[in-house]
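# Inside the fold
Given next are the chains, with one letter for each unit.
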Amino acid sequence: MKPNIQSTLQSVGVFRHYCGYPHFVLSVAIAAENPDRLQNIRKEIYLPVAKLCHTKLANVEKNIRTIRDIIMRNDGATLLEQMTGSSCWRKRTPYPKEIIGIFAEHFADELQNAHLLPSKLP
């Protein structure tokens, strides 16, 4: 059975008590629903997440970078290598857009069936 997004995040030290946890999961869900949104991530992902979470866009950006940093600090390169088949993550840290895209592609089926998003995004 394929691990779900929560157990995968926990395996690299990302737990629900982090402020960025819901921001990251919602961002991944939005990207899984429509990967084209990653092309304009601030407007089409971060802004809706900020509205849904009742926070500022800058907080969403900062908190997602924090989640990315925690993932990479806890052997996230191995996880990303397993998810993508590429070893490039051992040499560089992914941009937030990249890590959201990787998780979105990997967990697309799970997230689309989870109904995490309201039918109409803000």
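Anything mentioned here points back to the structure above.
Quick caveat: nothing in here was measured; it's all calculated off a predicted structure. (Residues numbered from 1 in each chain as written. Predicted model: local features only at pLDDT ≥ 70, side-chain atom pairs only at ≥ 80, totals over all residues. Heavy atoms only, no water.)

### Some thoughts on the nonpolar core
Counting residues in each nonpolar core, the largest one holds 36 residues, and the members touching the most others are Leu9, Phe24, Ile45, Ile71, Leu80, Ile100 and Phe103. Put simply, the parts of the chain that give this core at least two residues each are helix H1 (5-11), helix H2 (20-33), helix H3 (41-52), helix H4 (57-73), helix H5 (76-84) and helix H6 (96-106). Not counting residues up to four positions away in its chain, the partners in contact with Leu80 are Met72, Gly85, Trp89, Pro94, Ile99, Ile102 and Phe103. (Core = buried A, V, L, I, M, F, W, Y, C linked by side-chain atoms within 4.5 Å. Buried < 20%, exposed > 50% of the residue type's maximum accessible area, 1.4 Å probe, protein only. Helix = DSSP H or I, 4+ residues; strand = E, 2+ residues; numbered from the N terminus. Contact = heavy atoms within 4.5 Å.)

### Description of the pattern of salt bridges
Here the structure, examined in full by the defined rule, presents five salt bridges. For Arg37, the salt bridge identified is with Glu33, shortest N-O distance 2.7 Å. Taking the shortest distance from any N to any O, the salt bridge between Glu61 and Arg42 comes out at 2.6 Å. In this pair, Glu61 sits in helix H4 while Arg42 sits in helix H3, placing the two residues 19 residues apart along the sequence. Given the relative accessible area of 17%, Glu61 is considered buried. (Salt bridge = Lys/Arg side-chain N within 4 Å of Asp/Glu carboxyl O.)

That is the geometry; function is a separate question.
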